[in-house]
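Chain by chain, the residues:
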Amino acid sequence: MERSILVSACLLGLNTRYDGSTKADRRVLDYLRQHNLTPIPVCPEQLGGLPTPRQRSWFVNGDGSTVLDGNGEITNADISMNLAFIRGAQEVLKIARLTDCRRAILKQRSPSCGVGEIYRQNLVVSGDGVTTTLLKRQQIEVISEDDLDF
Ligand code: SF4
């Protein structure tokens, strides 16, 4: 039985967020322990070549799907960030294949990792992040830390 699972690095306590902080999540850590799962930490934005700390990014329009298809746009207020976010998603997919991961827990509402909710401008709207979309297109199951609320 598969024992490894991709997890957003910031949910595991790594300081990968745009402001250099973490979003360590007790629900995620408890879930991994209870199910005897080995987390594979991934941060798509770092893997896409972005520094930490970095400027915050958000969707101007569209979502992960439209960005991957060349229509949507992610910005950091100065420049388009599409290429870095797509590159990061592709690197995470490589890691999924290398580690034979078929499941992921990713950070809700991030432009890379959001699962069902993302920020467009300052509003929370329906949609997946870029990495979440690419993984789902490859039939990798993606949930967020909020799905562990039970
Ligand atoms: S890209 Fe994903 S893993 Fe990296 S800091 Fe943002 S939410 Fe966390």
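About the thresholds
- Residues numbered from 1 in each chain as written.
- Predicted model: local features only at pLDDT ≥ 70, side-chain atom pairs only at ≥ 80, totals over all residues.
- Heavy atoms only, no water.
- Helix = DSSP H or I, 4+ residues; strand = E, 2+ residues; numbered from the N terminus.
- Rg over C-alpha atoms; globule rule 2.2 N^0.38 Å.
- Salt bridge = Lys/Arg side-chain N within 4 Å of Asp/Glu carboxyl O.
- Buried < 20%, exposed > 50% of the residue type's maximum accessible area, 1.4 Å probe, protein only.
- Pairing = 2+ DSSP bridges.
- Axes fitted to C-alpha atoms, helices over the stretch in contact; angles between N-to-C directions.
- Contact = heavy atoms within 4.5 Å.
- Core = buried A, V, L, I, M, F, W, Y, C linked by side-chain atoms within 4.5 Å.
- Near = heavy atom within 4 Å.
- 1 Å grid on protein atoms, 1.4 Å probe; cavity = no way out; pocket = protein on both sides within 12 Å on 5 of 7 lines; lining within 4 Å.
- Sits in = over half its atoms within 2 Å of the grid points.
- Nonpolar A, V, L, I, M, F, W, Y, C, P; charged D, E, K, R; others polar.

A. The arrangement of the overall build of the protein chain in detail. What the protein chain contains, in helices and strands, is 5 helices and 8 strands. Starting at the N terminus and walking to the C terminus, you meet the elements of the protein chain as β-α-β-α-β-α-β-α-β-β-β-α-β. Whereas a compact globule of 150 residues would reach a radius of gyration of roughly 15 Å, the protein chain reaches 14 Å, a difference of no more than 12%. If you line up the protein chain on its principal axes, its C-alpha atoms span 45 × 30 × 30 Å.

B. Focus on the pattern of salt bridges. Applying the stated rule across the entire model yields 12 salt bridges. Where Asp30 meets Arg26, a salt bridge forms, and the shortest distance between an N and an O atom there is 3.6 Å. With Asp30 and Arg26 both in helix H1 (residues 26–34), this residue pair falls 4 residues apart, about one helical turn. Owing to a relative accessible area of 24%, Asp30 belongs among the partly exposed residues under this scheme. Assessed through its relative accessible area of 51%, Arg26 is described here as exposed.

C. Here's a closer look at the sheet that holds strand E1 (residues 4–8). Strands sit in the order E2-E1-E5-E8 across an open sheet of 4 strands; the sheet is parallel. The sheet terminates laterally at strand E2 (38–42) and strand E8 (141–144), the two strands that pair on one side only. Strand-to-strand twist of the sheet, defined as the mean angle between neighbouring strand axes without regard to direction, takes the value 30°. Note that strand E5 (residues 103–106) and E8 share 4 bridges and pair parallel. Directly across from Arg103, in E8, lies its bridge partner Glu141. The strands touched by helix H4 (residues 82–99) within the sheet are E1 and E2, with E1 carrying the most contacts at an inclination of about 160°.

D. Seen up close, the nonpolar core. Counting 26 residues, the largest nonpolar core has Leu6, Ile74, Leu106, Val130 and Leu135 as its most contacted members. Sorting the residues of this core by element identifies E2, H4, E5 and helix H5 (130–137) as the ones contributing at least two each. Here this core takes 7 residues from H4, the largest share from any one element. Setting aside chain neighbours within four positions, we find Leu6 in contact with Ile40, Val42, Val92, Ile95, Ala96, Thr99, Cys101, Arg103, Ala104, Ile105 and Leu135. The next biggest cluster of nonpolar side chains, apart from the first, holds 10 residues, and it includes Ile5, Val7, Leu37 and Ile105.

E. Focus on H5. Counting buried positions along H5 gives 6 out of 8 residues, so the element sits mostly inside the fold. Considered for burial, the residues of H5 that qualify are Val130, Thr131, Thr132, Thr133, Leu134 and Leu135. Directly after H5, the chain includes Gln139, whose backbone phi takes a positive value near 65°.

F. Looking closely at the site of the ligand. Residues in contact with the ligand amount to 14 residues; listed here are only the nearest, Cys10, Thr16, Cys43, Glu45 and Cys113. Most atoms of the ligand, that is more than half of them, are within 2 Å of grid points of the largest pocket. Its residues assigned to classes, the shell around the ligand shows 6 nonpolar, 4 polar and 4 charged.

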